[in-house]
Amino acid sequence: MLELHGLSVTYGKHRALDGVSLYTKPGEIVVILGANGAGKSTVLKSIAGICEGRVTGAMSMNGEGLLGLPPHKVVERGVALVPEGRGVFADLSVRENLMLGANPERAREDAQANYDRLIGLFPKLAERAGQTVRTMSGGEQQMVAIGRAMMSNPTILMLDEPSLGLSPLLSRELFQNLKAVREAGLGILLVEQNARLSLGIADRGYLLENGEILREERADVLRSDPAVQAAYLGGGGAKSTPAQTAKPAASVTPPAVTVRQKTATTQSASQVSGLDITALVSRAAQQSLPARDMRPTTAHTTTTPARTRHDRATPDPLRKLLAEMEDAARAAHMPATDTPLTMPALRPASRLSTMKPRTTPEDARPAANQPAQVAPTPGGKVEIYRRRPGSTQFDRTER
Ligand SMILES: Nc1ncnc2c1ncn2[C@@H]1O[C@H](COP(=O)(O)OP(=O)(O)OP(=O)(O)O)[C@@H](O)[C@H]1O
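Looking at an unreviewed UniProt entry, one finds the chain named ABC transporter ATP-binding protein and attributed to Roseinatronobacter alkalisoli.

Structural data, given as structure tokens:
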């Protein structure tokens, strides 16, 4: 059995875990639920011996201490981690990836038997044994990562956000596979943002918030608790009391946090902010500040009507982003001669004038007559370089 007692972790002055106690037995699936930054990954990394922070408390596997062990020793004790992002060797084949997992001493002698057991559980891995992992789908790669961890012959398998980046269909398939791993007798300690799916297969769950375990409960009880639904499953009715069966040490109603789903895709600023960015930029441009009020884009102490509104209605990181956008929009509309612009991203004019012609394909070059680059001169003037039609040379003008 994997046991943690009073595990605390600090990253410098930041306390990420505060007295976390939990356990996982072979043959059960245990899920840790919590909002972003609650400390879920830190729990797994501490157990695996790869936490960058200062770890204190007690951790053991079958009674043998894990605290302070290097990662390979933790694996020798029977605890394997499938890290967030999988960590597969993309240029190796499926079989090569799997066999690398059999490197620990505890697994080396039984590598072939473990491999046979694995492909018995997941025949698809055998069908794809020769395929380069890079060419596989996300779900298939995740199965390779899980298979590789299982090749170390673990008693407890830990998985950090295994469904990240997978479609709902692939996620469901993955979770069914985890049930098969449990049937094979392994214990699973799972960190997941997909609370619905993970509680659907788990036996027990822990709610972790701000580095502390708020509650430990059977998964089916957590799943049907309105407070948990409101906090982690996107449901309504947050006003319930904790379930009667909750253990005394954990009888706290989970806070009404919204778990932000991680996605593998990027979002546009307007998706994040819920604002029309075009309108925002033109509004900022209309606020004609005198030149003396212009600051480098890092100066956000200037109070403007727009910023006051962001202060009231907008979360901190977004407010900073919006303030930067407004500053940039204003800078773009200031007359060049009055604007002491700071444009660190631009090349200095001296380097531009000696720039060699590009040898990239034609469509990758700046179009003729299009400004190739704009650089501020020390006198506040702006140099504009245009490519001569049909030539690799640039003409320089100032304004
Ligand atoms: N290497 C690190 N250095 C400094 N702080 C860290 C480090 N790793 C994590 N933290 C901080 O510790 C806290 C817990 O982080 P952790 O990654 O464990 O949370 P999490 O619950 O897994 O969040 P997420 O779901 O977003 O991955 C966060 O405040 C995070 O910023």
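(A) Focus on the overall build of the chain. Helix and strand counts for the chain stand at 16 helices and 13 strands. Every one of the 399 residues in the chain was classed for burial, and the buried ones make up 31%. Sequence separation of 24 or more characterises 64% of the internal contacts of the chain that already satisfy a separation of 6 or more.

(B) Seen up close, the pairing of strand β4 (residues 54–61). Pairing analysis gives seven bridges linking strand β1 (residues 2–11) to β4, with the strands arranged antiparallel. Across the sheet, leucine 4 pairs through a bridge with methionine 59, a residue of β4. As paired strands, β4 and strand β5 (residues 64–65) are joined by two bridges and run antiparallel to one another. In the strand pairing of β5, serine 60 is matched with glycine 65.

(C) Inspection of the sheet that holds strand β2 (residues 14–24) at higher detail. In space, the four strands of this open sheet follow the order β2-β1-β4-β5, with antiparallel pairing throughout. The sheet is open, and its two edges are formed by β2 and β5, each paired on a single side. Pairing of β1 with β2, which is carried by seven bridges, proceeds in the antiparallel orientation. Looking at the pairing, glutamate 3 lines up with tyrosine 23 of β2. Those strands touched by helix α1 (residues 40–48) are β1, β2 and β4, and its axis lies near 70° from that of β2.

(D) Inspection of the site of the ligand at higher detail. Neighbouring the ligand are the residues Tyr11, His14, Ala16, Gly34, Asn36, Gly37, Ala38, Gly39, Lys40, Ser41, Thr42 and Glu52. If you list the elements that add at least two residues to the shell around the ligand, you get β2 and α1. When residues in the shell around the ligand are grouped by element, the largest group, three residues, is from α1. Split into classes, the residues belonging to the shell around the ligand amount to three nonpolar, seven polar and two charged.

(E) Unusual backbone geometry, seen in detail. The backbone phi angle of asparagine 62 is positive, close to 50°, even though this residue is not glycine. Locating asparagine 62 in the fold gives a position in the loop between β4 and β5. When the 13 C-beta atoms within 10 Å are taken as the criterion, asparagine 62 is described as partly exposed. For glutamate 161, which is not glycine, the phi dihedral falls at a positive 50°. Mapped onto the elements, glutamate 161 comes out in the loop between β7 (156–160) and α8 (168–183).

(F) Representation of helix α7 (residues 138–150) in the model. Helix length check: α7, at 13 residues, gives a terminal C-alpha distance of 18 Å against a target of 18 Å (1.5 Å per residue), a fit within 8%. With 11 of 13 residues buried, α7 is to be regarded as a mostly interior element. What α7 keeps buried is the set Gly139, Gln141, Gln142, Met143, Val144, Ala145, Ile146, Gly147, Arg148, Ala149 and Met150. Where α7 is buried, its residues touch β6 (79–82), α3 (94–100), α5 (111–121), α6 (123–127), β7 and α8.

(G) The arrangement of the packing of α7 against α8 in detail. Taken N-terminus to C-terminus, the directions of α7 and α8 make an angle of 20°; their axes are 10 Å apart at the nearest point. With respect to α8, the axis of α7 lies roughly parallel. Handedness of the crossing formed by α7 with α8: right-handed. Listed contacts from α8 to Gly138, Gly139, Gln142 and Met143 of α7 are Leu170, Glu173, Leu174 and Asn177. Taken together, the residues that form the contact of α7 with α8 break down as three nonpolar, four polar and one charged.

(H) Structural detail: the nonpolar core. With 73 residues, the main nonpolar core has Val31, Val79, Leu157, Met158, Ile188 and Leu190 as its most contacted residues. Ranked by residue count, the leading element in this core is α7, at six residues.

(I) Fine view of α1. Burial analysis of α1 places seven of its nine residues in the buried class, the great majority of the element. Positive phi shows up at glycine 49, right after α1, with a value of about 80°.

(J) Summary view of the sheet that holds β7. Overall, mixed pairing links the six strands, which are arranged β6-β7-β8-β3-β9-β10 in an open sheet. For this open sheet the edge positions go to β6 and β10 (212–218), each flanked by a neighbour on one side alone. On average, each strand axis in the sheet is tilted by 20° relative to the strand beside it, whichever way the strands run. Here β6 pairs with β7 via four bridges, running parallel. By the bridge assignment, valine 82 is partnered in β7 with leucine 159. Sheet contacts for α1: β3 (29–33), β6, β7, β8 (187–191) and β9 (204–209); angle to β7, the most-contacted strand, approximately 140°. Sheet strands in contact with α8 are β3, β7 and β8, and its direction is about 150° off that of β8.

(K) Seen up close, the environment of valine 88. Along the chain, the position of valine 88 falls in the loop between β6 and α3. Remark: the alpha-carbon pair of valine 88 and valine 133, spanning 45 residues in sequence, is separated by 7.7 Å. Every residue in contact with valine 88, bar those within four places of it in the chain, is listed here: Asn97, Val133, Gln141, Val144 and Ala145.

Definitions and cut-offs
- Residues numbered from 1 in each chain as written.
- Predicted model: local features only at pLDDT ≥ 70, side-chain atom pairs only at ≥ 80, totals over all residues.
- Helix = DSSP H or I, 4+ residues; strand = E, 2+ residues; numbered from the N terminus.
- Buried ≥ 20, exposed ≤ 12 C-beta atoms within 10 Å, placed from the backbone.
- Contact = placed C-beta atoms within 7 Å.
- Pairing = 2+ DSSP bridges.
- Axes fitted to C-alpha atoms, helices over the stretch in contact; angles between N-to-C directions.
- Near = placed C-beta within 6 Å.
- Nonpolar A, V, L, I, M, F, W, Y, C, P; charged D, E, K, R; others polar.
- Expected span 1.5 Å × (residues − 1).
- Parallel < 35°, antiparallel > 145°, perpendicular 65-115°, else oblique.
- Left-handed = near helix turned anticlockwise from the far one by under 90°.
- Core = buried A, V, L, I, M, F, W, Y, C linked by C-beta atoms within 7 Å.

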